Amino acid sequence: MQSQVKTYQDDPVIQKKRWIILIVLNLFVFMSTLDGSIVNIALPSISKDLNLPIAQSEWIVSGYILTICSIILFFGRLGDIVGKINMFKLGCIIFIFGSLLCGFSNSLTFLLTSRIIQAIGASMTMANNQGIITEIFPAKHRGKALGLLGTFVSLGSITGPSLGGFMVSSLGWQSIFWVNVPIGLMAIILGWMILPKDMIKLRSKLDITGSVLFALSIISLFTGLLLGQQVGYTDLRILAAFFAGVVLLVFFIYVEIHKEEPMITLSIFKNPLFSLSIFCGFLVFVSNFCFNIVSPFYTQDILLLSPSHAGLVLMLFPVTMVIVAPLSGALSDKIGSELLTFAGLIMMVVAQFGLAGLHQDSDIWLVCVWVALLGISCGLFQSPNNSLVMSTVRRTQLGIAGSINALVRNLGMVVGISSATSILFSVMSREAGYRVTALIPHRPDIFLDGMHIVFLSSASVCLLGALLTGWRLYHSKRSRRKQPNIHQNIK
């Protein structure tokens, strides 16, 4: 008989350091997700400095997230083969190098290339951090660790506009990239000292065919979505991109079903609670990034706030969320997650409708109320929903579930950005009488018309999630009420 393979959970030295390991992982999680959103508030400054229209500058944000979406499943699978910790360490180095290059960029081409390098490193860390936590933390602490990771993911995603406002105003837009370098180097040094060597490496083939098909389908679909807002969605090239993306995605699914060692096990989606929780998480990130892409322009160009003051207003989102999220996570252990996710989604709908009612002369305090309520509702939703996602699958599927969760989160960001700008420019073009891809000087009313439709659409997205969650909650309670009757009949 072969001796039992020792795991991280059997090693007392690693167990003593597990919370420090979690800090290192969360630090890079925070930075990589932060860089998906922090550029939003810097877009006006970058656009002016590099002489770019909004439609082109949007690629600085979208290109980063699109790259992550295209390759995150590939690096998750590669981490299983060569070692998750090895992949995480390499990703950290690439991410910091990309951040350094971004700060030195003096053209859109250079900046986009640097952002892609950044995204490659970020995807390496995102694809493997939940797997590392699953391997290191025992079951009794794993939920708490994964919950903290989810909190840092959400915090990084929505802190960007507020933190970026202060940095852009005081240090220039380059600082939002350079700040990653010293922090990242400290985290790497600490990680090299405390992160253990990989124990588990699969003797498996890499699904190159599936990886390429998935990446091409994502690139085709979202390139069509993003370029369509500039040239129109009836353009034959855009329609061809959509068609190619759908065909490639269908072919990818067919290949994965028939592969002995697929990149992603599609049977995980047969779990309805997992699929619904993933879908609701996707809808929330779509909604959040509709807010993230529009709110910097509203606060700076319509309310005429400085980047630092705009950042102070938008800071209410992450501040309220970071207060509510741990409380919501602790409460979910006592009363369950489903009711809290439903309550959070209902509050989001109210907040989005409130944002849709803002105008040029709105009081700052009212703007702060709706931004804070959005942060509270997001904090109320995220921790319980992450718990639902990770608790509805078998232990052997935790790594897969984490990778899918990260992918869907980033897809939500891309869809949110592209949907918000598409709706915004479409409404503005209709009102102006010609095609619009940037703010029109001295016409705040046209921007506000577009912004109102964006927030109403975002509210509808949250309402869909609330209805689905309410339906799930109703059937869950109905099933529990039937249980005593069943036992009585057996008696």
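Just so it is clear, the model here is predicted, and its values are computed rather than measured.

How each quantity is defined
All chains use their own residue numbering, which begins from 1 and follows the written sequence. With pLDDT at 70 or above as the cut-off, local features in this predicted model cover only qualifying residues; side-chain atom pairs require 80 or more to be listed or tallied, and sums for whole chains, interfaces and linings still use all residues. Remark: hydrogens and water are excluded; side-chain values derive from all non-hydrogen atoms of the structure. Here a helix means four or more residues in a row that DSSP labels H or I, a strand means two or more in a row labelled E, and each is numbered from the N terminus. For the purposes of these results, a polar contact is taken to be a pair of N or O atoms within 3.5 Å, where, inside protein, one atom must be able to donate a hydrogen and its partner to accept one; residues adjacent in sequence count only when each atom of the pair is a side-chain atom. In this analysis, two residues are considered to be in contact whenever any of their non-hydrogen atoms come within 4.5 Å of each other. Axis lines are fitted through C-alpha atoms, for helices just across the contact stretch, and the angle between N-to-C directions can take any value from 0 to 180 degrees. Here the angle decides the label: under 35 degrees means roughly parallel, over 145 means roughly antiparallel, 65 to 115 means roughly perpendicular, and every other value means oblique. Helix crossings are classified by the rotation of the near helix relative to the far one: an anticlockwise turn of less than a right angle makes the crossing left-handed, while a clockwise turn makes it right-handed. Amino acids outside the nonpolar list (Ala, Val, Leu, Ile, Met, Phe, Trp, Tyr, Cys, Pro) and the charged list (Asp, Glu, Lys, Arg) are all regarded as polar, and Gly is one of them. To form a nonpolar core, buried Ala, Val, Leu, Ile, Met, Phe, Trp, Tyr and Cys residues must be joined to one another through side-chain atoms within 4.5 Å. Exposed residues in this analysis have more than 50% of their type's maximum accessible area, buried residues have under 20%, and partly exposed residues fall in between, with area computed by a 1.4 Å probe over protein chains only. Two aromatic rings from Phe, Tyr or Trp, using only the six-membered ring of Trp, form a pair when their centres are within 6.5 Å; if the ring planes differ by under 30 degrees the pair is stacked, by over 60 it is edge-to-face, and anything between is tilted. Two thresholds decide whether a charge sits over a ring: the Lys NZ or Arg CZ must be within 6 Å of the ring centre and within 35 degrees of the ring normal.

Draft legend 1. Broad picture of the side chain of asparagine 385. One can find asparagine 385 in helix H16 (residues 364–391). Within the local environment of asparagine 385, its side chain forms a polar contact with the backbone oxygen of serine 277, the two atoms lying 3.1 Å apart. Each residue touching asparagine 385, except ones within four places of it in the same chain, is listed here: Ser277, Cys280, Gly281 and Thr341.

Draft legend 2. Layout of the packing of helix H5 (residues 84–103) against helix H6 (residues 108–136). One way to put it is that H5 packs onto H6 with a least axis distance of 7 Å and a crossing angle of 155 degrees. As judged from the angle between their axes, H5 and H6 are roughly antiparallel. Taken as a pair, H5 and H6 cross one another with a handedness that is left-handed. Split by residue class, the contact of H5 with H6 holds 17 nonpolar, 10 polar and 3 charged.

Draft legend 3. Region of interest: the packing of helix H2 (residues 18–34) against H5. For the pair H2 and H5, the least separation of the axes is 12 Å and the interaxial angle reads 40 degrees. Taken together, the axis directions place H2 and H5 in an arrangement best described as oblique. Where H2 crosses over H5, the handedness of that crossing is left-handed. Contacts from Val24, Leu25, Phe28, Met31 and Ser32 in H2 reach Phe88, Cys92, Phe95 and Ile96 in H5. Residues that form the contact of H2 with H5 fall into these classes: 8 nonpolar, 1 polar and no charged.

Draft legend 4. Molecular detail of the nonpolar core. With 136 residues, the main nonpolar core has Phe28, Val39, Ile65, Tyr298 and Phe447 as its most contacted residues. In terms of residues, this core owes the most to one element, helix H12 (residues 272–302), which gives 17 residues. Leave out the neighbours within four places in its chain, and valine 39 touches Ile46, Ile60, Val61, Arg115, Ile176 and Phe177.

Draft legend 5. Quick peek at the packing of aromatic side chains. Counted according to the given criterion, the structure contains 9 aromatic pairs. By way of ring pairs, the aromatic residues Phe291, Phe317 and Phe455 are connected into one cluster. Over the aromatic face of tryptophan 192 sits the side chain of lysine 89, whose NZ or CZ is 4.9 Å from the ring centroid. Directly above the ring of tyrosine 64 sits arginine 115, whose terminal nitrogen or CZ lies 4.3 Å from the centroid.

Draft legend 6. Local environment of the side chain of threonine 67. Here threonine 67 lies in helix H4 (residues 54–82). Residue classification places threonine 67 among the buried positions, given a relative accessible area of 14%.

Draft legend 7. Up close: the environment of methionine 186. Mapping methionine 186 onto the fold places it in helix H9 (residues 180–194). On a C-alpha basis, the gap between methionine 186 and valine 24 in space is 9.5 Å, while along the polypeptide they are 162 residues apart.

Draft legend 8. Up close: unusual backbone geometry. Even without being glycine, leucine 304 reaches a positive phi, approximately 60 degrees. Looking at the element boundaries, leucine 304 is found in the loop between H12 and helix H13 (307–314). One non-glycine residue, histidine 442, adopts positive backbone phi at about 65 degrees. Tracing the chain through its elements places histidine 442 in the loop between helix H17 (398–432) and helix H18 (444–490). You can call histidine 442 exposed: its relative accessible area is 80%.

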